[in-house]
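Tertiary structure, described
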Amino acid sequence: MQPFRRYFQDRMQDAGFKAFYDRECHVCARTVQIFAHAEETGMSLALLAESVGVGLEDLEALRDADRCDPAMVIHLCRHLGLPEPESCPRHKGK
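This section reports on the structure supplied with the text. (Residues numbered from 1 in each chain as written. Predicted model: local features only at pLDDT ≥ 70, side-chain atom pairs only at ≥ 80, totals over all residues. Heavy atoms only, no water.)

With that settled, the discussion passes to the overall build of the protein chain. Helices and strands together make up the secondary structure of the protein chain, namely 6 helices and 0 strands. In sequence order, the protein chain lays out its α and β elements as α-α-α-α-α-α. Classification of the 94 residues of the protein chain by burial places 28% in the buried group. Sequence separation of at least 24 residues holds for 45% of the intrachain contacts in the protein chain that already meet a minimum separation of 6. In the form shown here, the protein chain has an accessible surface area of approximately 6,300 Å², with 51% of it arising from carbon and sulfur atoms. (Helix = DSSP H or I, 4+ residues; strand = E, 2+ residues; numbered from the N terminus. Buried < 20%, exposed > 50% of the residue type's maximum accessible area, 1.4 Å probe, protein only. Contact = heavy atoms within 4.5 Å. Areas by Shrake-Rupley, 256 points an atom, 1.4 Å probe, with all protein chains shown as cover.)

This is the structure in structure tokens:
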């Protein structure tokens, strides 16, 4: 499996994808940091999902930007000791 960062860089080379991403994507910097942190520390997604009590499919959907879950992002940030998002247009509680 290729690291997320390399996958993302490869995809952003495609002009059509980049335009779509810039227009549609709502992945916050904190979400990207969560998966970069997991990769840098060698933590598998399965272990991360288990350690925070979320489903692996849900975590993969968050990583792949298929499903935004602000509450999960906050929970993961707290668990990993990362800064929480300062603002989120999709989070009802902030």
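Now that the structure has been shown, we can carry on.
Attention now goes to the nonpolar core. Within the largest apolar cluster, 16 residues are counted, with the highest numbers of intra-cluster contacts made by I34, L48, L59 and L76. Sorting the residues of this core by element identifies α3 (29-41), α4 (45-52), α5 (56-63) and α6 (70-80) as the ones contributing at least two each. Dropping the residues within four chain positions of it, I34 is found in contact with L48, V73, L76, C77, L80 and L82. (Core = buried A, V, L, I, M, F, W, Y, C linked by side-chain atoms within 4.5 Å.)

For α3, spanning 13 residues, the distance from its first C-alpha to its last is 18 Å, which sits close to the expected 18 Å at 1.5 Å a residue. Looking only at α3, the buried set comprises R30, T31, I34, F35, A36 and A38. Buried residues along α3 sit in contact with α1 (4-12), α4, α5 and α6. Positive phi appears at G42, one or two residues downstream of α3, with a value of about 75 degrees. (Expected span 1.5 Å × (residues − 1).)

Here the focus is the packing of α4 against α5. At their nearest, the axes of α4 and α5 sit 9 Å apart, and the two run at 115 degrees to each other. As α4 packs across α5, the resulting crossing turns out to be right-handed. Here L45, A46, L48 and A49 of α4 come into contact with α5, specifically with L56, L59, E60 and R63. Within the contact of α4 with α5, the residues separate by chemical class into 6 nonpolar, no polar and 2 charged. (Axes fitted to C-alpha atoms, helices over the stretch in contact; angles between N-to-C directions. Left-handed = near helix turned anticlockwise from the far one by under 90°. Nonpolar A, V, L, I, M, F, W, Y, C, P; charged D, E, K, R; others polar.)

Overall, the coordinates contain 3 salt bridges when judged by the stated rule. For D58, the salt bridge goes to R67, with nearest N and O atoms at 2.7 Å. A salt bridge links E84 to R78, with the shortest nitrogen-to-oxygen separation between them at 2.7 Å. Residue class for E84 comes out partly exposed when judged on its relative accessible area of 25%. For R78, a relative accessible area of 58% corresponds to the exposed category. (Salt bridge = Lys/Arg side-chain N within 4 Å of Asp/Glu carboxyl O.)

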